[in-house]
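Notes for the structure review
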Amino acid sequence: MKIQNISKYVMLGVMAISAIVFGLFFGLWGDEKMGEYDAPQFTDLLLVLMYLLAAVTTLLVVWAVVKGIASTRGNDSAATTGVPGSKIITGTCLLFIGSMVLGYVLGIGEPDFTAADGTVTPGSMVTIVDMFIWSIYILAVVAFAAVGIAMSGVLTKTASK
């Protein structure tokens with residue numbers, strides 16, 4: 001079975017499982033009260049799915065990096081494939097750091113947050129949460145743009161000239 005078929009079936013499987021879990025989470029509500037609101041029954045299942053996906057993704061990234069380093073040991077990958085890997089890694093790291101800094105700047109000055117049960121979260125921690133949320137937004141926009149550019153074929157046309 002070709003790697004494209006394997007990745008296609010894995011992607012479809014993950015999407016199906018995610019759709020089922022999100023459907024259960026948003027579709028079925030429990031009797032448990034959180035303050036004055038009802039709590040969803042499948043919150044724990046949703047959290048387990050997110051932690052599992054994050055852990056599997058992290059392990060696959062580490063495996064791919066180790067395998068990539070082992071396969072290109074002693075070779076200049078840019079000369080072989082035409083892809084400047086070191087520039088891509090540097091750009092990705094700089095984009096991540098820049099998104100975190102921009103997220104922190106956008107979240108500065110947040111007031112303390114008081115939850116429904118009376119728990120108070122200091123403003124500094126709210127700023128940290130805002131930093132991560134803004135970083136996720138920025139990186140998601142960049143990722144969607146990168147996928148759009150890759151799917152358009154613009155880069156393959158210019159690289160083959």
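First, a word on what this report is: a plain description of the structure on this page.

How each quantity is defined
- Position numbers for residues count from 1 along each chain, tracking the sequence in the order it is written.
- Thresholds applied to this predicted model are a pLDDT of at least 70 for local features of residues and 80 or more for the giving and counting of side-chain atom pairs; totals over whole chains, interfaces and linings are not thresholded and use all residues.
- Remark: hydrogens and water are excluded; side-chain values derive from all non-hydrogen atoms of the structure.
- With axes taken as lines fitted to C-alpha atoms, and helix axes fitted only over the stretch in contact, angles between N-to-C directions fall between 0 and 180 degrees.
- The secondary structure listing takes helices from DSSP runs of H or I that are at least 4 residues long and strands from runs of E that are at least 2 residues long, numbered from the N terminus.
- In these notes the angle categories are as follows: under 35 degrees is roughly parallel, over 145 is roughly antiparallel, 65 to 115 is roughly perpendicular, and the rest is oblique.
- Crossing handedness is read from the near helix: turned anticlockwise from the far helix by less than a right angle, it gives a left-handed crossing, and turned clockwise, a right-handed one.
- Whether two residues are in contact is decided by their heavy atoms: any pair within 4.5 Å suffices.
- Each residue gets one label: Ala, Val, Leu, Ile, Met, Phe, Trp, Tyr, Cys and Pro are nonpolar, Asp, Glu, Lys and Arg are charged, and the others, such as Gly, are polar.
- Residue exposure (1.4 Å probe, protein chains only): buried if accessible area is under 20% of the type maximum, exposed if over 50%, otherwise partly exposed.
- Multiplying one less than the number of residues by 1.5 Å gives the expected span of a helix.
- Distance and chemistry together define a polar contact, namely a pair of N or O atoms within 3.5 Å, with one atom able to donate a hydrogen and the other to accept it when in protein, and with adjacent residues in sequence counting only for side-chain atoms on both sides.
- A pair of Phe, Tyr and Trp rings is counted when the ring centres sit within 6.5 Å of each other, with Trp represented by its six-membered ring. The angle between the planes then sorts it: under 30 degrees is stacked, over 60 is edge-to-face, the rest tilted.

Where helix α1 (residues 3–27) meets helix α2 (residues 43–71), the closest approach of the two axes is 9 Å, and the angle between their N-to-C directions is 155°. By the angle between their directions, the pair α1 and α2 is classed as roughly antiparallel. In terms of crossing hand, the pair formed by α1 and α2 is left-handed. Within the contact between the two elements, α1 uses Val 14, Ile 17, Ser 18, Val 21, Phe 22, Leu 24 and Phe 25 and α2 uses Thr 43, Leu 45, Leu 46, Leu 49, Met 50 and Leu 53. Of the residues in the contact of α1 with α2, the class split is 11 nonpolar, two polar and no charged.

The next subject is the side chain of Thr 127. When you line up the elements, Thr 127 lands in helix α5 (residues 123–152). Accessibility expressed as a relative area gives 7% for Thr 127, which makes it buried. With residues up to four places along the chain from it excluded, the contact list for Thr 127 reads Tyr 104, Gly 107, Ile 108, Gly 109 and Glu 110.

The next point concerns α1. An ideal rise of 1.5 Å per residue puts 36 Å on 25 residues; α1 measures up with 35 Å between its terminal C-alpha atoms. Taken together, the buried positions of α1 are Ser 18, Val 21 and Phe 25.

Take the side chain of Ser 99 next. The residue Ser 99 is located in helix α4 (residues 85–107) in this model. A polar side-chain atom of Ser 99 sits 2.8 Å from the main-chain carbonyl oxygen of Phe 96. At 2.9 Å, the side chain of Ser 99 and the side chain of Ser 135 are in polar contact. Ignoring sequence-local partners within four residues, the contact set of Ser 99 consists of Ser 135, Ile 138 and Leu 139.

Right, let's talk about the packing of aromatic side chains for a bit. Applying the stated criterion across every chain, the model contains three aromatic pairs. Note on Phe 22 and Phe 26: the rings are 6.2 Å apart at their centroids and 15° apart in plane angle, and the pair reads as stacked. Of the two residues, Phe 22 and Phe 26 are both situated in helix α1; the distance of four residues between them amounts to about one turn of the helix. For Phe 22, a relative accessible area of 33% gives the class partly exposed. Their ring planes at 80° and their centres at 4.9 Å tell us that Phe 25 and Phe 26 sit as a pair that is edge-to-face.

Take the packing of α4 against α5 next. Remark: α4 packs on α5, axes separated minimally by 7 Å, with the N-to-C direction vectors making an angle of 135°. Here α4 lies oblique to α5, going by the angle between them. In the packing of α4 onto α5, the handedness of the crossing is right-handed. Facing α4, whose interface residues are Leu 95, Phe 96, Ser 99, Met 100, Leu 102, Gly 103, Tyr 104, Leu 106 and Gly 107, α5 presents Thr 127, Ile 128, Asp 130, Met 131, Phe 132, Trp 134, Ser 135, Ile 138, Leu 139 and Val 142. In terms of residue class, the contact of α4 with α5 is made up of 13 nonpolar, five polar and one charged.

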